[in-house]
Amino acid sequence: MMHRLLPPVSPLGWRPVPPPSLPVSHKAWLLRPGALTAGLRSLGKMDLRVLAEYASGAPADEAHGMWLAPGTPVWVREIAMAIDGRDAVVARSLTPLPASHGVWQNMRRLRTRPLADMLYHDRTIRRSPFACARLAHPLALYRTVLGVDADCARAPLWARRSVFWRHGLPLLVAECFVPGFWRDILGSRRPV
């Protein structure tokens, strides 16, 4: 099971470290340990809105990250987090459908609470290293981000993802920092 903590090499742009050419602030947030929501709250009033929750077949890029076959039935949760009313991060979380009724069932009960409320208080949960990517089609998270703000297609979209493992079952969490996060939110504050 421990070998599964290491993400498989991705043919779809996910890499273990951000490119060296990215600004230091980008790298720091893409590799920030712990709960992303804690960091976002340090920047201002954070609000979370649920965009959608549904059963689906796992897209190839996300299935690959969880060591599953593409099309495996999964439960998907898509959210957007805003700081002081401005969108900052769009996220997708997926787990195999049976796990959403079992070890990851609390994912279905979160409503507007962040996943961090269930992930960082259980010692049986292990997190994989991060993988980072510049989002583009056909990545599923890219489509989710464009659904929130179609103008995001005009700027580089940097995201991170990791997989949380509990009792051998994965929960993939992918988070994309929207361009306004780097420009409007971080641009007006000190680094965290």
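The shown structure was predicted, so the numbers you read here are calculated from the model rather than taken from an experiment. (Residues numbered from 1 in each chain as written. Predicted model: local features only at pLDDT ≥ 70, side-chain atom pairs only at ≥ 80, totals over all residues. Heavy atoms only, no water.)

Caption draft 1: Region of interest: the packing of aromatic side chains. What the rule picks out here adds up to six aromatic pairs. The interplanar angle of 45° and the centroid separation of 5.1 Å between the aromatic rings of Phe-177 and Phe-181 together place this pair among those described as tilted. Classification of Phe-177 as buried rests on a relative accessible area of 0%. Considering the side-chain rings of Phe-177 and Trp-182, the 5.1 Å spacing of their centres and the 40° angle between planes classify their relative orientation as tilted. Each member of the aromatic cluster is reached from another via a ring pair, and the members are Trp-29, Phe-177, Phe-181 and Trp-182. Here the guanidinium or amino end of Arg-32 rests over the ring plane of Trp-29, the centre of that ring lying 5.4 Å away. (Phe/Tyr/Trp six-rings, centres within 6.5 Å; stacked < 30°, edge-to-face > 60°. Buried < 20%, exposed > 50% of the residue type's maximum accessible area, 1.4 Å probe, protein only. Lys NZ or Arg CZ within 6 Å of the ring centre and 35° of its normal.)

Caption draft 2: How the structure looks around the side chain of Ser-93. Following the sequence through the fold, Ser-93 ends up in strand β3 (residues 86-96). For Ser-93, a relative accessible area of 4% translates into the label buried. When neighbours within four sequence positions are excluded, Ser-93 is seen to be in contact with Trp-75, Val-76, Arg-77, Met-107, Leu-115, Leu-171, Leu-172 and Val-173. (Helix = DSSP H or I, 4+ residues; strand = E, 2+ residues; numbered from the N terminus. Contact = heavy atoms within 4.5 Å.)

Caption draft 3: Main features of the pattern of salt bridges. In total, this model carries eleven salt bridges according to the counting rule given. Across the salt bridge formed by Arg-113 and Asp-117, the nearest N and O atoms sit 3.9 Å from each other. Taking relative accessible area as the criterion, Asp-117 reaches 33% and is therefore assigned partly exposed. We note a salt bridge from Arg-183 to Asp-184, for which the minimum N-O separation is 3.0 Å. We classify Arg-183 as exposed; its relative accessible area is 55%. Residue Asp-184 is classed as partly exposed on the basis of its relative accessible area of 29%. Via salt bridges that share partners, Glu-62, Glu-78 and Arg-92 belong to a single interconnected network. (Salt bridge = Lys/Arg side-chain N within 4 Å of Asp/Glu carboxyl O.)

Caption draft 4: Structural context of the pairing of β3. Across the eleven residues of β3, nine count as buried, placing the element largely inside the fold. Taken together, the ten bridges between strand β2 (residues 73-83) and β3 define a ladder with antiparallel strand orientation. Paired with Met-81 across the bridge in β3 is Val-89. As consecutive antiparallel partners, β2 and β3 are separated by two residues, and within that stretch Asp-84 has a phi angle of approximately 50°, a positive value. Here six bridges tie β3 to strand β7 (residues 169-177), and the two strands are oriented antiparallel to one another. Note that in β7 the partner of Val-89 across the bridge is Phe-177. (Pairing = 2+ DSSP bridges.)

Caption draft 5: Summary view of the nonpolar core. With 25 residues, the main nonpolar core has Trp-14, Leu-135, Leu-141, Val-145, Leu-157 and Cys-176 as its most contacted residues. Contributions of two or more residues to this core are made by β2, β3, β5 (131-134), α5 (140-148), β6 (158-166) and β7. Membership of the second largest hydrophobic core comes to 21 residues, among which are Leu-22, Ala-91, Cys-132 and Leu-186. (Core = buried A, V, L, I, M, F, W, Y, C linked by side-chain atoms within 4.5 Å.)

Don't take any of this as a statement about function, it's just geometry.
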